[in-house]
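In case you want the letters, here they are:
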Amino acid sequence: MPERNIIRTFAAEIDKIFMNNTEKLNHAFAEALNVDISAVNDDLKYQSIPQWDSISHMVLISTIDETFNISIETDDVIGMNSLGKAKEILKKYNIVF
Amino acid sequence: MGLLSGKTALITGASRGIGKNIAELFAQAGCNLVMIARNAKQLAEVHNSLVDKYNITSYTYEVDIRNVVSLKNAFQDIYEKKIFPEILVNNAGVMIDSTLQMAKPDMIEDIFSVNVYGTIYSSQLALKGFLRNRKGTIINLSSIIGTNGNLGQSIYGASKAAIIGFTKSLSKELAPLNIRVNAIAPGFIDTDMTKGMNQKFHEKNLSSIGMRKIGQPEDVAKVALFLASDLSGYVTGQIIGVDGSMVI
């Protein structure tokens, strides 16, 4: 039902408003890599799961950009090879965890 | 409604020749523009004429594409303005003829900096916008010299052949992300760049064209319009010759 999908999307957007930065980042990873939120943890590394390949990495960067309204630089795109590293890099963009 | 209504294209080398014609045809099709070129005065003239005539939004950046920092700053600025172009035309290019023996390192560096590195870095920087839009199209300018080669143009030919390799590989890389990458390989086109050739060379080139006439910048621009529009929505990784059946 399209109406139900619209309601779900709206509810997900509302949820995001009340998330802290860690939750936002975890959701960005889950959404971009198309994995369950439970699979997103600090051990998650680039190419450690089939879903995090070079193609989905591009989607991930774009999703993080949009989530935090920032523009991640090329050097940081290359360096962002784990969830932990992502948190470290995002501090440069004044995102506090 | 034009073919490109509501879209934004970033065009490098937009102040003259093929780039200027592409900008005009895109503007006519309703496309908003971000134009990059070295010559600020010429670029401002193109900007003013197109904005007045076609009622589009246009931004210009004086950038020497050899300067990666300056190129990066231009992209940063448009993203800060929340402009995310869905079309990139990598048109900026130089053509310097020389036999290999006479080619100086500076000249080789110059040709590759503009024709190859400029295209690669612009594409890399444009990706951010494409990913935001969940779609995009890159149009690279190669050359018949890149596909067929020509005497006295080994360096230029190598740079344009590099564009073909780049286009084909990048198209495969970006296809899953709904981003198309194609190239145009113009033949002998009537631009300032080809006007600089000597008369004898000019005549020889003309006699090698099956259609017996020099191509016009608009001929190339029309193919760019096709590649930029949804008419070519299932076309990627292609090198399209615009050469009037030129034989080299």
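This is a predicted model, so every value here is computed, not measured.

Criteria and thresholds
- Residues numbered from 1 in each chain as written.
- Chains lettered and ligands numbered in written order.
- Predicted model: local features only at pLDDT ≥ 70, side-chain atom pairs only at ≥ 80, totals over all residues.
- Helix = DSSP H or I, 4+ residues; strand = E, 2+ residues; numbered from the N terminus.
- Rg over C-alpha atoms; globule rule 2.2 N^0.38 Å.
- Buried ≥ 20, exposed ≤ 12 C-beta atoms within 10 Å, placed from the backbone.
- Contact = placed C-beta atoms within 7 Å.
- Pairing = 2+ DSSP bridges.
- Axes fitted to C-alpha atoms, helices over the stretch in contact; angles between N-to-C directions.
- Left-handed = near helix turned anticlockwise from the far one by under 90°.
- Nonpolar A, V, L, I, M, F, W, Y, C, P; charged D, E, K, R; others polar.
- Expected span 1.5 Å × (residues − 1).
- Core = buried A, V, L, I, M, F, W, Y, C linked by C-beta atoms within 7 Å.
- Parallel < 35°, antiparallel > 145°, perpendicular 65-115°, else oblique.

Remarks on the overall build of chain A
1) Next: Regarding its fold elements, chain A presents 5 helices and 0 strands.
2) Next: Ordered by position from N to C terminus, the α and β elements of chain A give α-α-α-α-α.
3) Next: Its C-alpha atoms give chain A a radius of gyration of 14 Å, within 12% of the compact-globule value 13 Å for 97 residues.
4) Next: Per-residue burial for chain A yields a buried fraction of 20% across its 97 residues.

Overview of the overall build of chain B
1) Next: Along chain B, the regular secondary structure elements total 9 helices and 7 strands.
2) Next: Taken over C-alpha atoms, the radius of gyration comes to 17 Å for chain B, in line with the 18 Å a tight globule of 248 residues would show.
3) Next: In terms of overall dimensions, chain B has C-alpha extents of about 50 × 40 × 35 Å along its principal axes.
4) Next: In chain B, buried positions account for 46% of the 248 residues.
5) Next: Taking the intrachain contacts of chain B between residues at least 6 apart in sequence as the baseline, contacts between residues at least 24 apart amount to 74%.

Some remarks on the sheet that holds strand 5 (residues 136–141) of chain B
Adjacent strands of a sheet pair through backbone hydrogen bonds, lying either parallel or antiparallel.
Residues and elements named next belong to chain B.
1) Next: Strand order in the open sheet formed by 7 strands is 3-2-1-4-5-6-7, with parallel pairing between adjacent strands. The strands lining the two open edges of the sheet, one partner per strand, are strand 3 (58–62) and strand 7 (239–242). For this sheet, the mean angle separating the axes of adjacent strands, direction not counted, is 15 degrees.
2) Next: In the packing of helix 1 (residues 17–28) onto the sheet, contacts are made with strand 1 (8–12), strand 2 (32–37), strand 4 (87–90) and strand 5, and the angle to strand 1 comes to roughly 170 degrees.

Some thoughts on the packing of helix 2 (residues 21–33) of chain A against helix 3 (residues 54–68) of chain A
Residues and elements named next belong to chain A.
1) Next: Where helix 2 meets helix 3, the closest approach of the two axes is 9 Å, and the angle between their N-to-C directions is 145 degrees. Once helix 2 is placed against helix 3, the crossing between them reads as right-handed. Note on element contacts: helix 3 touches helix 2 through Ser56, Val59, Leu60, Thr63, Ile64 and Thr67, opposite Lys24, Ala28, Phe29, Glu31, Ala32 and Leu33.
2) Next: Here the residues of the contact of helix 2 with helix 3 sort into 7 nonpolar, 3 polar and 2 charged.

Some details on helix 6 (residues 154–174) of chain B
Residues and elements named next belong to chain B.
1) Next: For helix 6, with 21 residues, the first-to-last C-alpha span of 30 Å sits near the 30 Å given by 1.5 Å per residue.
2) Next: Taken together, the buried positions of helix 6 are Ile155, Tyr156, Gly157, Ser159, Lys160, Ile163, Phe166, Thr167, Leu170 and Leu174.
3) Next: The inward-facing, buried residues of helix 6 abut helix 4 (105–133), strand 5, helix 5 (144–148), strand 6 (179–186) and strand 7.

Concerning the environment of Thr191(B)
Residues and elements named next belong to chain B.
1) Next: Mapped onto the elements of the fold, Thr191 is located in the loop between strand 6 and helix 7 (192–195).
2) Next: Once the C-alpha coordinates of Thr191 and Pro217 are considered, the two residues, 26 residues apart in sequence, prove to be 7.0 Å apart.
3) Next: The residues touching Thr191, leaving out its near neighbours within four places in the chain, are Gly17, Ile18 and Pro217.

Here we look at unusual backbone geometry
1) Next: The backbone of Asn69(A) shows a phi angle near 55 degrees, a positive value even though the residue is not glycine.
2) Next: Mapped onto the fold, Asn69(A) is located in the loop between helix 3 and helix 4 (74–79).
3) Next: Asn69(A) sits in the exposed class, given 9 other C-beta atoms within 10 Å.
4) Next: With phi around 65 degrees, Asn178(B) is a residue other than glycine that occupies positive phi space.
5) Next: Mapping Asn178(B) onto the fold places it in the loop between helix 6 and strand 6.
6) Next: For Asn178(B), a count of 15 C-beta atoms within 10 Å puts it in the partly exposed group.

Brief notes about the nonpolar core
Residue and element names in this part refer to chain B.
1) Next: In this structure, Ala23, Phe26, Leu33, Met35 and Ala224 are the most contacted members of the largest nonpolar core, which totals 82 residues.
2) Next: Here this core gets 8 residues from one element, more than from any other, and that element is helix 4.
3) Next: Contacts of Ala23, omitting those with residues within four sequence positions, involve Ile11, Ala14, Leu33, Met35, Val46 and Leu50.

Concerning the packing of helix 1 of chain B against helix 2 (residues 40–54) of chain B
Two quantities define a packed helix pair, namely the angle between the axes and the distance from one axis to the other.
Residues and elements named next belong to chain B.
1) Next: With their axes 10 Å apart at the nearest point, helix 1 and helix 2 run at an angle of 15 degrees to one another. As judged from the angle between their axes, helix 1 and helix 2 are roughly parallel. Here helix 1 runs over helix 2; the crossing is right-handed. Contacts between helix 1 and helix 2 involve Lys20, Ala23, Glu24, Ala27 and Gln28 from the former and Val46, Leu50 and Tyr54 from the latter.
2) Next: In terms of residue class, the contact of helix 1 with helix 2 is made up of 5 nonpolar, 1 polar and 2 charged.

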